[in-house]
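A look at the structure
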Amino acid sequence: MDQPGLVVTGASGRMGQTLIRLAQGSDKLRLVACVERAGHPWIGRDVGEAMGGAPIGVKVTDDALEAFAKAQAVIDFTAPAATVEFAALAAQARAVHVIGTTGLEPQHLARIEAAARHATIIRAGNMSLGVNLLVRLTKKVAAALDADWDVEIVEAHHRMKVDAPSGTALMLGQAAAEGRGISLDDARVSGRDGITGARARGSIGFSAIRGGDIVGEHDVIFAGEGERVILRHVATDRAIFARGALRAAVWGQGRKPGQYDMTDVLGI
Ligand SMILES: NC(=O)C1=CN([C@@H]2O[C@H](COP(=O)(O)OP(=O)(O)OC[C@H]3O[C@@H](n4cnc5c(N)ncnc54)[C@H](O)[C@@H]3O)[C@@H](O)[C@H]2O)C=CC1
Ligand SMILES: O=C(O)C1=N[C@H](C(=O)O)C[C@H](O)C1
């Protein structure tokens, strides 16, 4: 049987280009089309040439539905408004939709949930094995330590990142809240500034650093009296996210409709 056809959206982006490079070397998926936003200079060009290399026989288009109709999987690291449109179109085309986009608000999540009634969607704020393991560890440590241990999540990313806290930081915060048996919405405190008053017991703090070309760094700090436990993940190469997304696209083939995440894919 042929390998499942793959579409990469946001082709010219940091993640789009990383995915295209890795997909070309894949023996499990076949890149069939690339999508960019209408008016982008890459539209109509061969994606290999647009990326500065040799032609690979795959064009960049702004017609997502036509592209998705040729594919069994769509990998999407774009922006929230684009991702909710792609979720509906991937469902229409019966393609597995792998979503890496972060910064999704409740209204976006509701539209993704609606699409998942008819489609297989795999979504995670971080697709790397290391971070998904860190999520598991965070939940365990949070469950073992009581609220005398303050939880603070510190994340650092490149200067071009548009959302904060990062999707990963929110996954880690959610894991800490679950470990403690509390709601993250109630416990969340972001970006302190000015006369903030003393820290509320049991709160979960988020701080974001933006600068240079930092790929992605996350610390979960459990600060107690006289000691600290710090769980850390450092990403040095975007390939870790792309490898996870490609694995998810293969894993999703033949799965029943619904929303899945990387812990399902990785079996951890
Ligand atoms: N879940 C994960 O493991 C990871 C998630 N991300 C997330 O992925 C997203 C993209 O990140 P980057 O690649 O760094 O951003 P980027 O800004 O380099 O790329 C985004 C691309 O999407 C394209 N795009 C925007 N609207 C579009 C539309 N309507 N149709 C087609 N293309 C459209 C843009 O033109 C751009 O090329 C962000 O939300 C980021 O946080 C990034 C890395 C890992
Ligand atoms: O925008 C990025 O670059 C990244 N985004 C994801 C996030 O918001 O956590 C994952 C990774 O940290 C890189």
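Quick caveat: nothing in here was measured; it's all calculated off a predicted structure. (Residues numbered from 1 in each chain as written. Chains lettered and ligands numbered in written order. Predicted model: local features only at pLDDT ≥ 70, side-chain atom pairs only at ≥ 80, totals over all residues. Heavy atoms only, no water.)

A separate point is the overall build of the protein chain. Helix and strand counts for the protein chain come out as 10 helices and 12 strands. Since a compact globule built from 268 residues should have a radius of gyration of about 18 Å, the 19 Å found for the protein chain is in line with a globular shape. Expressed as lengths along the three principal axes of its C-alpha atoms, the size of the protein chain is roughly 60 × 40 × 30 Å. Within the protein chain, the fraction of its 268 residues that count as buried is 50%. (Helix = DSSP H or I, 4+ residues; strand = E, 2+ residues; numbered from the N terminus. Rg over C-alpha atoms; globule rule 2.2 N^0.38 Å. Buried < 20%, exposed > 50% of the residue type's maximum accessible area, 1.4 Å probe, protein only.)

Below, the discussion takes up the packing of aromatic side chains. On inspection of all chains with the given rule, the structure shows 2 aromatic pairs. Taking the centre distance of 5.7 Å and the plane angle of 65° together, the rings of phenylalanine 68 and phenylalanine 86 count as edge-to-face. Linking phenylalanine 68 in helix α3 (residues 64–69) with phenylalanine 86 in helix α4 (residues 80–92), this pair joins segments that are 18 residues apart in sequence. Assigned by exposure class, phenylalanine 68 and phenylalanine 86 land together as buried. Judged by centre distance (5.2 Å) and plane angle (75°), the ring pair of tryptophan 251 and tyrosine 260 falls under edge-to-face. Each of the two residues, tryptophan 251 as well as tyrosine 260, counts as buried. (Phe/Tyr/Trp six-rings, centres within 6.5 Å; stacked < 30°, edge-to-face > 60°.)

Ligand 1 sits among 21 residues. The nearest are Met15, Glu36, Thr102, Met127 and Lys161. A distance of 2.9 Å is found between a nitrogen atom of ligand 1 and a backbone nitrogen or oxygen belonging to alanine 124. Between ligand 1 and the protein, one listed contact pairs a nitrogen atom with a backbone N or O atom of glycine 125 at 3.2 Å. Against a free-state accessible area of 860 Å², the protein chains account for coverage of 79% of ligand 1. Looking at the shell around ligand 1, the elements that each hand over two or more residues are α1 (14–24) and α4. (Near = heavy atom within 4 Å. Polar contact = N/O pair within 3.5 Å; in protein donor to acceptor, adjacent residues only side chain to side chain. Areas by Shrake-Rupley, 256 points an atom, 1.4 Å probe, with all protein chains shown as cover.)

We now examine the sheet that holds strand β4 (residues 73–76). Spatially, the 7 strands line up as an open sheet ordered β3-β2-β1-β4-β5-β6-β12, and their pairing is parallel. Of all the strands in the sheet, the pair left with one neighbour each is β3 (60–61) and β12 (258–260). Relative to strand β6 (residues 120–123), strand β5 (residues 96–99) runs parallel, the two sharing 3 bridges. Residue isoleucine 99 lies in a different strand from β6, and its bridge partner there is arginine 123. Across the sheet, α1 touches β1 (5–9), β2 (30–35) and β4, and the angle it forms with β1 is around 160°. Lying on the sheet, helix α5 (residues 106–115) is in contact with β5, β6 and β12; it crosses β6 at an angle near 145°. (Pairing = 2+ DSSP bridges. Contact = heavy atoms within 4.5 Å. Axes fitted to C-alpha atoms, helices over the stretch in contact; angles between N-to-C directions.)

Turning our attention to the nonpolar core. In this structure, Leu6, Leu19, Cys34, Val47, Ile75, Val98 and Ile122 are the most contacted members of the largest nonpolar core, which totals 36 residues. Those elements that place two or more of their residues in this core are β1, α1, β2, α2 (47–50), β4, β5, α9 (239–251) and α10 (262–266). At 7 residues, the largest contribution of residues to this core is made by α9. If sequence neighbours within four positions are ignored, isoleucine 75 has contacts with Leu6, Val7, Val8, Thr9, Leu19, Val98, Ala245, Leu246 and Ala249. The next biggest cluster of nonpolar side chains, apart from the first, holds 22 residues, and it includes Trp149, Met171, Ala187 and Ile204. (Core = buried A, V, L, I, M, F, W, Y, C linked by side-chain atoms within 4.5 Å.)

The UniProt record annotates "active site" (unreviewed entry) at His157 and Lys161. Along the chain, histidine 157 turns up in strand β7 (residues 150–157). Setting aside residues up to four positions removed in sequence, histidine 157 forms contacts with Ser166, Ile209, Arg210, Gly211, Ile214, Val215, Gly216 and His218. Among the polar contacts made by the side chain of histidine 157, one reaches the side chain of glutamate 155 at a distance of 2.8 Å. Secondary-structure assignment places lysine 161 in the loop between β7 and α7 (167–180). Setting aside residues no more than four positions away along its own chain, lysine 161 makes contact with Thr102, Ser166 and Arg210. Within the structure, the side chain of lysine 161 is placed 3.5 Å from the side chain of threonine 102, a separation counted as a polar contact. (UniProt positions renumbered as here; feature names shortened; annotations may be inferred.)

Attention shifts here to the pairing of β6. Remark: the β5/α5/β6 crossover connection has right-handed handedness. With 3 bridges connecting them, β6 and β12 associate as parallel partners. Residue pairing across strands places isoleucine 121 opposite glutamine 259, the latter belonging to β12. (Right-handed = clockwise from strand over helix to strand, strands pointing away.)

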